[in-house]
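Residue strings, one per chain:
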Amino acid sequence: KRQRKTVRKSRTLRSLMDAIPNSRPYAWPFPDPSEIYFDAFEHTAFILIDMQLDFCGKNGYVSKMGYDVSLTRKPIERVEKVLRKCRENGVLVLHTREGHRKSLRDLPENKRWRSAQAGAEIGKDGPLGKILTREANGWNLIEELKPLETEDVIDKPGKGSFMGTDLDLILRLNKIRRIIFGGITTDVCVHTTMREANDLGYECLLLEDGTGATDEGNHASAIKMVHMQNGVFGATAKCEDVCAFLDANRFDGAENRDAIIPNAKPFPFTIRAKKTAIVMVDWQLDFTSPKGFGAALGNDCEVLREEALPNAVKILEAGREAKCAIVHTLEAHKADLSDCPPSKIRRCDKIGQTVDAKMGRILVRNEPGNSIEPLVAPIEGELIVHKPGKGAFYNTNLEFQLKRRGIETLIFTGVTTEVCVQTSMREANDRGFECIVADDATESYFPEFKKACLEMISSQNGIVGWRCLTEDVVNALKI
């Protein structure tokens with residue numbers, strides 16, 4: 001079941017949890033080879049199907065047909081938790097609503113006839129207004145799951161949410177690849193929509209306890225149908241596991257408070273903890289180990305470890321204590337070097353080669369030398385960015401990850417100062433982030449390069465950003 005983890009190792013950027021725990025019959029979502037990176041939120045939508053008074057309200061359409069609406073109301077509390085998590089994490093949320101025009105010109109005659117035989121003819125007056133008719137009271141979505149003003153509602157005349165609507169257009173324009181389904185009823189509108197989405201190429205997940213039907217047997221059968229043929233329509237999962245997946249892919253949680261670094265250059269710098277990320281640039285063995293890439297080029301790697309690494313540890317620990325977002329970057333290439341420009345290889349033909357057997361291939365993902373120094377190794381909830389270039393923003397979705405969480409301020413440590421740290425900081429500055437680097441938590445193989453680089457950063461009133469010392473950052477984060 002967990003074989004997919006081997007596949008995911010080649011992603012440019014990974015989140016801490018790349019699959020929903022206990023999803024059935026496979027670890028959802030599948031490892032899409034067309035994705036350069038995997039992100040739990042960017043290409044995912046949550047579609048809440050038909051949570052209307054007509055289907056789960058007293059005296060609505062379902063009630064009038066004689067069914068027990070307690071069964072269709074059963075998922076409300078659990079699905080509300082998933083809805084809240086999706087909203088917190090910026091997942092696209094859509095709602096659907098089945099109903100016909102007042103003219104009933106979009107109501108097939110056979111559908112009208114069947115509803116009449118069931119004692120609840122569509123378009124006729126009922127306790128909640130005209131049954132299953134737009135703008136009637138029963139057509140409205142329930143208060144507990146009421147859409148936000150920013151959330152679109154798809155009005156549909158049929159059981160499926162794609163037929164006769166612009167749902168597919170909305171999903172594709174928003175680059176959605178994956179859909180999580182909740183709502184009612186499992187065996188009718190949810191299943192029809194899931195089948196449509198599956199045929200259109202979307203990766204689908206049905207919430208087992210976030211959906212409901214008018215018959216428990218039909219609900220169970222609908223879930224089982226999804227599991228057949230190793231997920232013929234996708235996969236299913238419990239609401240609590242989906243919430244755990246969404247929580248695990250967050251990398252922030254700081255309190256909303258401000259602190260000032262008064263000694264920062266060129267002038268005092270404000271840290272807003274809730275909007276701050278600590279960026280640990282390339283603390284990888286390829287650069288810091290005496291058997292790594294840096295040493296193979298004739299550099300003294302010990303200079304990176306003497307002062308900068310212990311200070312980076314202090315900043316990392318302070319950031320964790322303050323619950324700031326933490327980002328770790330690694331310069332790394334795919335095993336086939338397809339993301340490594342020929343010009344880069346011409347300048348350094350050691351990339352992809354093995355200089356020391358214990359370190360593996362140089363600057364290649366998942367090789368021993370491409371792991372992070374144990375003293376600053378990532379922990380659960382921290383973001384790891386594999387970057388093919390010197391900058392942390394090139395060919396990654398780091399900017400999306402930061403801005404989605406409202407991050408505005410970046411505190412940099414790492415190596416080397418004049419190459420990957422400075423490049424990443426310049427990229428961040430051009431993207432509107434406020435940047436500060438701790439002079440004594442970054443290092444270069446060449447002292448004169450570090451000195452010149454730091455002076456460039458704070459020159460011209462902070463043209464690239466600010467500078468300070470480790471103790472300044474630690475003290476500010478403690479406040």
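Residues numbered from 1 in each chain as written. Predicted model: local features only at pLDDT ≥ 70, side-chain atom pairs only at ≥ 80, totals over all residues. Heavy atoms only, no water.

**Brief notes about the packing of helix H5 (residues 76–88) against helix H10 (residues 239–248)**
For the pair H5 and H10, the least separation of the axes is 9 Å and the interaxial angle reads 15 degrees. Taken together, the axes of H5 and H10 are roughly parallel relative to one another. For H5 against H10, the interelement crossing comes out left-handed. Here Arg78, Val79, Lys81, Val82, Lys85 and Cys86 of H5 come into contact with H10, specifically with Cys239, Val242, Cys243, Leu246 and Asp247. Partitioned by chemical class, the residues of the contact of H5 with H10 number seven nonpolar, no polar and four charged. (Axes fitted to C-alpha atoms, helices over the stretch in contact; angles between N-to-C directions. Helix = DSSP H or I, 4+ residues; strand = E, 2+ residues; numbered from the N terminus. Parallel < 35°, antiparallel > 145°, perpendicular 65-115°, else oblique. Left-handed = near helix turned anticlockwise from the far one by under 90°. Contact = heavy atoms within 4.5 Å. Nonpolar A, V, L, I, M, F, W, Y, C, P; charged D, E, K, R; others polar.)

**A look at empty space enclosed by the protein**
A complete count under the given rule lists two cavities of 30 Å³ or more for this structure. One number sums up the size of the second largest cavity: a volume of about 40 Å³. Forming the walls of the second largest cavity are 14 residues, and the residues nearest its centre are Asp54, Asn59, Leu128, Gly129 and Ile131. If you list the elements that add at least two residues to the lining of the second largest cavity, you get helix H3 (61–64) and strand E5 (129–130). Residues belonging to the lining of the second largest cavity are distributed by class as follows: six nonpolar, five polar and three charged. (1 Å grid on protein atoms, 1.4 Å probe; cavity = no way out; pocket = protein on both sides within 12 Å on 5 of 7 lines; lining within 4 Å. Points joined across faces, edges and corners; volume = space filled by probe spheres on them.)

**A look at the nonpolar core**
Ile261, Ile278, Trp283, Val376, Ile436 and Leu477 are the most contacted members of the largest nonpolar core, which totals 46 residues. The element best represented in this core is helix H14 (residues 308–321), accounting for seven residues. Residues within four places of Ile436 in sequence aside, it is in contact with Ile261, Ala264, Phe269, Leu410, Ile411, Phe412, Met425, Trp466, Arg467 and Cys468. If you look at the next biggest cluster of nonpolar residues, it comprises 38 residues, including Val62, Leu83, Ile131 and Ile180. (Core = buried A, V, L, I, M, F, W, Y, C linked by side-chain atoms within 4.5 Å. Buried < 20%, exposed > 50% of the residue type's maximum accessible area, 1.4 Å probe, protein only.)

**Quick notes on the packing of aromatic side chains**
Under the definition given, this model contains seven aromatic pairs. Relative to Phe293, the ring of Phe287 has its centre 6.3 Å away and its plane inclined at 50 degrees; by these criteria the two rings are tilted. Following the ring pairs from residue to residue traces out a cluster consisting of Phe267, Phe269 and Trp466. Taking the ring centre of Trp139 as reference, the NZ or CZ of Arg97 above it sits at 3.7 Å. (Phe/Tyr/Trp six-rings, centres within 6.5 Å; stacked < 30°, edge-to-face > 60°. Lys NZ or Arg CZ within 6 Å of the ring centre and 35° of its normal.)

**Notes on the pairing of strand E2 (residues 44–49)**
Burial analysis of E2 places six of its six residues in the buried class, the great majority of the element. Across the two faces of E2 the burial is the same, with Thr44, Phe46 and Leu48 and Ala45, Ile47 and Ile49 all buried. The pairing of E2 with strand E7 (residues 178–184) spans six bridges and is parallel. Counterpart to Ile47 in the pairing with E7 is Phe181. In this sheet, strand E3 (residues 92–98) lies alongside E2 in parallel orientation, the contact comprising five bridges. (Pairing = 2+ DSSP bridges.)

**With respect to the packing of helix H17 (residues 417–430) against helix H18 (residues 447–462)**
Here H17 crosses H18 at 15 degrees, and the two axes come no closer than 10 Å. Taken together, the axes of H17 and H18 lie roughly parallel to each other. By crossing handedness, the relation of H17 to H18 is classed as right-handed. In contact with Thr417, Glu418, Gln422, Met425 and Arg426 of H17, H18 contributes Phe449, Lys450, Cys453, Leu454, Met456 and Ile457. The class makeup of the residues in the contact of H17 with H18 is six nonpolar, two polar and three charged.

**Quick word on unusual backbone geometry**
In this model, Arg24 is joined to Pro25 through a cis peptide bond whose omega is 0 degrees. Inspection of the secondary structure puts Pro25 in the loop between strand E1 (13–14) and E2. Going from Ile184 to Thr185, the amide bond is cis rather than trans, its omega being -10 degrees. Inspection of the secondary structure assignment puts Thr185 in the loop between E7 and helix H8 (186–199).

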